Amino acid sequence: MNPRNHDRRRWVVLAPLSVFALLAAGCGAYSTSSGRVDESLRWVNVPYLENATAEPNIEIELTEAIITALQDDNTLRVVGPEAARVELAGRVVGYKLREAFTSATGGNMQVDEYQVQISVELTMRRLDGGENVFTRKRLNGSGNFILGDGATSELTARGEAAAEIVREVLGLIVEDW
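Residues numbered from 1 in each chain as written. Predicted model: local features only at pLDDT ≥ 70, side-chain atom pairs only at ≥ 80, totals over all residues. Heavy atoms only, no water.

Novice: Describe in detail the side chain of N45, supporting the description with residues and values.
Specialist: Its location among the elements puts N45 in strand β1 (residues 43-45). Excluding residues within four positions of it along the chain, N45 makes contact with V79, G80, P81, A84, V86, E87 and L88. (Helix = DSSP H or I, 4+ residues; strand = E, 2+ residues; numbered from the N terminus. Contact = heavy atoms within 4.5 Å.)

Right, here's the structure in full:
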């Protein structure tokens, strides 16, 4: 066997395996953020938001969505109050259901689509007594749902609104350091 052919075959087999190994190693601690993290803010406690609206359980849905997003981002560690260096707390201050689109059918106006609008105020405070990262920051999210053919639900729209708020939260506490 020609030694050059043997080396070439080995290269054809080892090159793709090397690329795969590098890619797999890089996925071990993946984060969607830019990597700029103030170490004093890495351990965060997220207590349940307060609910200043008449909408039941919205504070639970939003708190769980924020915690899940922070865990999925993998930049900060969500921990209990005893291990935390910062706390992300706040309240749901608005929940509105508004007509988004209407149509006229036989001379009558009919609502075809509604919009859910959710507002929260959040504060991220240092537990060591230092200056707050941000205070009473108002964040808003909205989502629409359709009535009739192709119908979606208010629950779906709530999820869309919560997702918008969560993206803003991540932008405030992960990307802007």
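Novice: Tell me about the packing of aromatic side chains, and name the residues and values.
Specialist: Within the structure shown, the criterion is met by one aromatic pair. Here Y114 and F145 contribute two aromatic rings whose centre-to-centre distance is 5.6 Å and whose plane-to-plane angle is 20°, an arrangement assigned as stacked. Note that Y114 is positioned in strand β5 (residues 108-126) and F145 in strand β6 (residues 134-146), a separation of 31 residues in sequence. The exposure class assigned to Y114 is partly exposed, which follows from its relative accessible area of 23%. (Phe/Tyr/Trp six-rings, centres within 6.5 Å; stacked < 30°, edge-to-face > 60°. Buried < 20%, exposed > 50% of the residue type's maximum accessible area, 1.4 Å probe, protein only.)

Novice: Can you tell me about the pairing of strand β4 (residues 86-105), naming the residues and giving the values?
Specialist: When β1 meets β4, the two strands line up parallel, connected through two bridges. Each bridged residue has a counterpart across the sheet, and for V44 the counterpart in β4 is V86. Where strand β2 (residues 50-51) and β4 come together, two bridges link them in parallel fashion. Among the inter-strand pairings, N51 is bridged to a residue of β4, identified as V92. Sheet topology places β4 next to β5; 18 bridges connect them, and they run antiparallel. The residue of β5 that forms the bridge with V86 is R126. The antiparallel hairpin formed by β4 and β5 contains two residues in its connecting segment, where G106 sits at a positive phi of about 60°. (Pairing = 2+ DSSP bridges.)

Novice: Break down the pattern of salt bridges for me, citing the residues and quoting the values.
Specialist: Going through the model one piece at a time under the given rule, you end up with seven salt bridges. A salt bridge links E55 to R158; the shortest N-O distance between them is 2.7 Å. Taken together, the positions of E55 in the loop between β2 and α2 (58-73) and R158 in helix α3 (residues 154-175) put the pair 103 residues apart, joining distant regions of the chain. Judged by its relative accessible area of 8%, R158 falls in the buried class. Put simply, E121 and R136 hold a salt bridge, and the shortest N to O gap is 3.1 Å. Remark: R136 occurs in strand β6 and E121 occurs in strand β5; sequence separation between them is 15 residues. Through salt bridges with shared partners, a single ionic network connects R91, E121, R136 and R138. (Salt bridge = Lys/Arg side-chain N within 4 Å of Asp/Glu carboxyl O.)

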